[in-house]
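Residue strings, one per chain:
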Amino acid sequence: MNLRWSGWALTAGALAMSSAAFAAPPTPAMLANACGGCHGTNGGSAGLMMPSLAAHSKEAIVDAMKKFKSGERPSTVMGRLAKGYTDAEFEAMGEFFAKQKLHVTNQNVDKAKVAKGAVLQEKHCNRCHNEEGREGKDETPVMASQWLPYLQLQMEMYLSGKRKMPEKMAEKVKPLSKEDLDALMHFYASVK
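Residues numbered from 1 in each chain as written. Predicted model: local features only at pLDDT ≥ 70, side-chain atom pairs only at ≥ 80, totals over all residues. Heavy atoms only, no water.

Asks: What should I look at first to understand the environment of Asp180 in this one?
Replies: Inspection of the secondary structure puts Asp180 in helix 11 (residues 178-190). Asp180 sits 64 residues away from Lys116 along the chain, and the two C-alpha atoms are 7.7 Å apart. The residues touching Asp180, leaving out its near neighbours within four places in the chain, are Lys116 and Leu120. Side-chain polar atoms of Asp180 contact the side chain of Lys116, separated by 3.0 Å. (Helix = DSSP H or I, 4+ residues; strand = E, 2+ residues; numbered from the N terminus. Contact = heavy atoms within 4.5 Å. Polar contact = N/O pair within 3.5 Å; in protein donor to acceptor, adjacent residues only side chain to side chain.)

Asks: Sorry, what's going on with the nonpolar core here?
Replies: Within soluble globular proteins, side chains that are nonpolar tend to cluster in buried spots. By size, the foremost hydrophobic cluster in this structure holds 23 residues, and its most contacted members are Leu151, Leu181, Leu184, Met185 and Tyr188. Those elements giving two or more residues to this core turn out to be helix 7 (111-125), helix 9 (148-160) and helix 11. Among the elements that take part in this core, helix 11 stands out by supplying seven residues, more than any other. Apart from the residues within four sequence positions on either side, Leu184 is in contact with Gly117, Leu120, Gln121, Cys125 and Leu176. Counting 15 residues, the second-largest nonpolar core is a separate cluster that includes Ala82, Ala92, Met93 and Phe96. (Core = buried A, V, L, I, M, F, W, Y, C linked by side-chain atoms within 4.5 Å. Buried < 20%, exposed > 50% of the residue type's maximum accessible area, 1.4 Å probe, protein only.)

Asks: Just to check I follow, could you spell out the pattern of salt bridges for this structure?
Replies: Oppositely charged side chains may form a pair once their charged atoms are brought near each other. Scanning the model with the defined rule gives six salt bridges in all. Two residues, Lys58 and Glu95, come together in a salt bridge whose shortest N-O distance is 3.2 Å. With Lys58 in helix 4 (residues 58-70) and Glu95 in helix 6 (residues 87-98), this pair connects stretches of sequence that are 37 residues apart. According to the relative accessible area criterion, Lys58 is partly exposed, its value standing at 26%. Judged by its relative accessible area of 37%, Glu95 falls in the partly exposed class. With its nearest N and O atoms 3.0 Å apart, the salt bridge here joins Asp180 to Lys116. Of this pair, Asp180 sits in helix 11 while Lys116 is found in helix 7, placing the two residues 64 residues apart along the sequence. Residue class for Asp180 comes out buried when judged on its relative accessible area of 13%. Overlapping salt bridges bring together Lys58, Glu91 and Glu95 as one network. (Salt bridge = Lys/Arg side-chain N within 4 Å of Asp/Glu carboxyl O.)

Asks: Please explain helix 7 as it appears in this structure.
Replies: Because the α-helix completes a turn every 3.6 residues, residues three or four places apart line up on one side. Taking 1.5 Å of rise per residue, 15 residues should cover 21 Å, and helix 7 covers 19 Å from first to last C-alpha, within 8% of that figure. Residues of helix 7 that are buried in the fold lie against helix 8 (130-133), helix 10 (167-173) and helix 11. By the N-cap criterion, in which a side-chain oxygen at the helix start approaches the backbone nitrogen of a residue two or three places on, helix 7 is capped by Asp110, the distance to Ala112 being 2.9 Å. (Expected span 1.5 Å × (residues − 1).)

The structure is reproduced here in structure tokens:
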């Protein structure tokens, strides 16, 4: 009888422990792995229209995800995906990606545009897109080494009004020509 009771107690204890393991919240790495299909392993995108998330500030990731979730930021897929996460999960993902190293890409860019863009970046964008776009201030995303088609698409969305441009950015962009903006995109795409 004692042996039978001990067996039941062990089985009940094992079941309780295994259900507790299943109830554990996902780790930041587990949450971020869900992003890997589009944004690449550890946030290093291989897709020309997908941004790399590696090295973005936690604030930039959280801000983007909340805007996708609310519908404030237009998207094809991200708005639907963001609705499946809590603010705490956004924070965890943001922390994970902020700790990753900058994902460096090798792209074909126009060298003359890159040179012009470097001057424009220093003059107009450096206060928020620090270190040649390698670091973002607060909610400002990392621009360095992002895919050129992605950068061009986002700028097109800003200029057309499909995506709301932050006020500080609008002040800096307003005096720039489309050629200037294209040069900036080439510059950012070239940064290693």
